[in-house]
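Letter by letter, the chains look like this.
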Amino acid sequence: MRKLQVLWIMGLTLFLGSTIRAQSAPGVNNAALQGGYAFTFAGMTTGNGVDSTPFAAVGRFTSDGAGNLTNGELDTNGVGLPEKLIAQAFTGTYSIGADNRGVMSLNIPGGGTLAFAMMANGNAKFVEIDAAGGHGTVGSGTIEKVDTTAYSTARIIGDYAFGVVGFDQSNNRTAIAGRFTANGAGTLTNGAADINLSGTFSTLNVFAGTYMITDGATGRGILTMPPVVGGTPSNLNFVFYVVNAGKVFAMEADVVSPLTPLLNGMILQQQTPVGGFSSASLNGNTVVYLTGRTICPGRSDAAPNVVTGLLSTNGVGIANLTDDQNCGGGSGSFDGWAGTYDVTTGGRAEFRLELVNPAVGGAYVAAYLVSSNQAFFIVPDSSVLFGFGDAQAAGSFTNSAVTGRYAGLATTPAALGVSIFSGEFTADGAIPTGNITGTEDIGASSGPTIAASLNATYSVSSSLTNGRGTIAGSIAGNGVLYVISASKFVVASMTDSEPAILIFEQ
């Protein structure tokens, strides 16, 4: 998705032939991708395979179910003008094999080649696979079906929570989580947000902004927020593409700088109860998965920091947390966080937690609710931990909850060395030890790895921490697994020195 050197593109043409041949029965499942779609992508570009700068994209296209993309449009942003495209029209082609893995080629300046894995609902998870020789773009994203009737300013109305995260040109990390009310006529009010700017945390209790659908044919729009990241006043200008009236993909459109870092994420409509949110809106289990980047203990370079865990709340302000963390290869599990929480009517939650055994300090976490037990999470730490929490389905989970076909993705890569993949996997649900087999496609600056066979074993238990399990094998090394529902689980490697959160969804 970026401008490339001509000679490198010629080499890429030869590579694409082998990529498509790596599919089993190419094109046999092309009908699985049909209709209008929006997409979001977050990654990084490099010219030497060592240093990198942030890169992101949002856009849309129409698929005919027969291997052709039309009516495409996308916006990209990165460091320098060659990385920036504004409402760039494109067409393209794609091929989906018998195992529901696909390859997509976008006809945009410099080219863009993606490997993707289809989900049962017609959405897909993808990675970019056209980097080679230490040059190019790597990253991951999602493709989701759109509701074209929502392509108007009037349809974006009501209460929304949002979360965006990214880097500036020096890879200093920033995250913002918040909420606002859209009036259907282009005005945002009742805004609140928490910002972590490279470890400096602040809360904006009220703000206003504007938004507008600028193209009713593509669902493209713009949104402007006030200078929430501090420093010299500078509005944040986002471009977004509508998925539906309750969801849009948004990307920072300004020139990348310390005051306007390249932020990318989504805006989700809040399911606000009558009278507003309250402590009762957190009553049950939430699986949280967060990513950050920092100088981890024992390392001199910045590395990804990932956390996943189970947050339990009782509806009246008492919270407990079990979590697992891997910071640059140094991992640990923490069972026994306990404390309190408060929720405002707008859906902002504050958690104050301490380790019960041993009692060594505490933790503060902020969150913005989308619905009951579902929220964007942001932490005031040096690694700028940020992510999402999904409501865990009711019931006790064992291996049988992880059964069937899943599309998998390494999401939100925080460093160039992360193994960024998409793929198709099958879990057998066997007890006491389950087996996962599959095929993945990896995007890396040194060049892609296509159709890699993978396998792992897993064990999930409902005791101590409901739905927490262990996983071992070529998918995630030695890692932890948290079940969200029978159709979704997340994984974090506990041994990888460049970890990421892995999401598997049917």
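With that settled, consider the overall build of the chain. When helices and strands are tallied, the chain shows one helix and 32 strands. Computed over its C-alpha atoms, the radius of gyration of the chain comes to 21 Å, within 12% of the 23 Å expected for a compact globule of 506 residues. The principal-axis extents of the C-alpha atoms in the chain amount to approximately 60 × 55 × 45 Å. Burial status across the chain gives 58% buried among its 506 residues. Contacts spanning at least 24 positions in sequence make up 53% of the contacts within the chain whose residues lie at least 6 apart. Surface accessibility of the chain: about 17600 Å² in total, with carbon and sulfur atoms responsible for 56%. Put simply, the chain has 20 plus and 32 minus side-chain charges, and the middle of one group is 4 Å from the middle of the other.

So, on to the sheet that holds strand β1 (residues 34-46). By definition, the strands of a sheet pair up through backbone hydrogen bonds, in either a parallel or an antiparallel sense. The sheet built from eight strands closes into a barrel, its strands ordered β1-β2-β3-β4-β5-β6-β7-β8 with antiparallel pairing. Sheet twist, expressed as the mean angle between neighbouring strand axes with direction ignored, is 25°. Sheet analysis places strand β4 (residues 85-96) next to strand β5 (residues 101-106), joined by five bridges and oriented antiparallel. When the bridges of β5 are listed, Ile-96 appears paired with Gly-102.

Turning our eyes to something else, we now look at the sheet that holds strand β11 (residues 187-197). Spatial strand order, β9-β10-β11-β12-β13-β14-β15-β16: eight strands in a closed barrel with antiparallel pairing. Adjacent strand axes in the sheet meet at a mean angle of 25°, parallel and antiparallel pairs treated alike. By the bridge criterion, six bridges tie strand β13 (residues 220-225) to strand β14 (residues 236-244) in an arrangement that is antiparallel. When the sheet's bridge partners are listed, Ile-222 is paired in β14 with Val-239.

Right, let's talk about the confidence of the model for the chain for a bit. Residues of the chain with pLDDT of at least 70 account for 93%, and the chain-wide mean is 92. Predicted confidence is poor over residues 3-21, with pLDDT under 50, and the contacts of this stretch with residues over four places away or in other chains come to 22 contacts.

This part is about the nonpolar core. For soluble globular proteins, nonpolar side chains are generally found buried alongside one another. With 37 residues, the main nonpolar core has Phe-162, Ile-176, Leu-223, Phe-238, Val-242 and Ile-267 as its most contacted residues. With seven residues, β14 is the largest single contributor of residues to this core. Counting residues in each nonpolar core, the second largest holds 35 residues, with Ala-410, Tyr-458, Leu-502 and Phe-504 among its members.

About the cut-offs
- Residues numbered from 1 in each chain as written.
- Predicted model: local features only at pLDDT ≥ 70, side-chain atom pairs only at ≥ 80, totals over all residues.
- Heavy atoms only, no water.
- Helix = DSSP H or I, 4+ residues; strand = E, 2+ residues; numbered from the N terminus.
- Rg over C-alpha atoms; globule rule 2.2 N^0.38 Å.
- Buried < 20%, exposed > 50% of the residue type's maximum accessible area, 1.4 Å probe, protein only.
- Contact = heavy atoms within 4.5 Å.
- Areas by Shrake-Rupley, 256 points an atom, 1.4 Å probe, with all protein chains shown as cover.
- Lys, Arg positive; Asp, Glu negative; His and termini not counted.
- Charge placed at Lys NZ, Arg CZ, Asp CG, Glu CD.
- Pairing = 2+ DSSP bridges.
- Axes fitted to C-alpha atoms, helices over the stretch in contact; angles between N-to-C directions.
- pLDDT = per-residue confidence, 0-100.
- Core = buried A, V, L, I, M, F, W, Y, C linked by side-chain atoms within 4.5 Å.

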